[in-house]
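Summary of the model geometry
For reference, the chains in residue letters:
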Amino acid sequence: MSCRLCGDKGVLRIRYHDATPDDYGVCLCPRGLRLRASLDALSAALGVPAAQLGVVEALLEAHEIPANLLGPVAGHADIADAGRAAGGKKARL
Ligand SMILES: [Zn+2]
């Protein structure tokens, strides 16, 4: 296992403290990046509504994403902005 975020599954389940339904974030690691090519197919394969599936940098706060995954894909500022746009105040378990 080399990805600390998703355990090399490419997707991680994000549970919230409030009643918000779980979201599923597609990881920034190589496995996750491959899955991003077809999010529609992924949501069907997982049986997850498309509205609850997104890229992990939009669902998690920047500090929740291991720094080694950030690399050249997106900078901290980009991720923080994405988190705010996605409603970054949601609390995560
Ligand atoms: Zn990963």
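The structure we're discussing is the one just above.
Below or above, wherever it landed, is the structure these notes cover. Small disclaimer: the values here were computed from a predicted structure and weren't measured. (Residues numbered from 1 in each chain as written. Predicted model: local features only at pLDDT ≥ 70, side-chain atom pairs only at ≥ 80, totals over all residues.)

A few words on the overall build of the protein chain. When helices and strands are tallied, the protein chain shows 5 helices and 3 strands. In the protein chain, 51% of the contacts between residues at least 6 apart in sequence involve partners at least 24 apart. (Helix = DSSP H or I, 4+ residues; strand = E, 2+ residues; numbered from the N terminus. Contact = placed C-beta atoms within 7 Å.)

Turning to the sheet that holds strand 1 (residues 11-14), a few remarks are in order. Spatial strand order, 1-2-3: 3 strands in an open sheet with mixed pairing. Strands at the two margins of the open sheet, each flanked by one partner only, are strand 1 and strand 3 (53-55). Here the average twist between neighbouring strands, direction ignored, is 30°. Helix-sheet contacts for helix 2 (residues 39-46) involve strand 1, strand 2 (23-26) and strand 3, and the interaxial angle to strand 3 is about 135°. (Pairing = 2+ DSSP bridges. Axes fitted to C-alpha atoms, helices over the stretch in contact; angles between N-to-C directions.)

Where a protein is soluble and globular, its nonpolar side chains tend to be buried together. Leu 5, Val 26, Cys 27 and Val 56 are the most contacted members of the largest nonpolar core, which has 13 residues in total. Not counting residues within four places of it along the chain, the set of residues in contact with Val 56 comprises Leu 5, Leu 12, Gly 25, Val 26, Cys 27, Leu 28 and Ile 65. (Core = buried A, V, L, I, M, F, W, Y, C linked by C-beta atoms within 7 Å. Buried ≥ 20, exposed ≤ 12 C-beta atoms within 10 Å, placed from the backbone.)

With 0 of its 8 residues buried, helix 2 lies for the most part at the surface. The positive-phi residue at the C-terminal boundary of helix 2 is Gly 47, with phi of around 70°.

A word on unusual backbone geometry. The residue Asp 8 is not glycine, and still its phi comes out positive at about 65°. Note on placement: Asp 8 falls in the segment before strand 1. Assessed through the 14 C-beta atoms surrounding it within 10 Å, Asp 8 is described here as partly exposed.

What follows is about the environment of Ile 14. Residue position: Ile 14 is located in strand 1. For the pair formed by Ile 14 and Leu 60, sequence separation is 46 residues and the distance between their alpha carbons is 8.4 Å.

So, on to the pairing of strand 2. Judged from the 4 bridges that link them, strand 1 and strand 2 form a sheet pairing that is antiparallel. Following the sheet pairing, Arg 13 is matched in strand 2 by Tyr 24.

So, on to the environment of Glu 64. For Glu 64, the position within the fold is in the loop between helix 3 (56-59) and helix 4 (67-70). With 15 C-beta atoms counted inside 10 Å, the residue Glu 64 sits in the partly exposed group. Glu 64 sits 59 residues away from Leu 5 along the chain, and the two C-alpha atoms are 8.8 Å apart.

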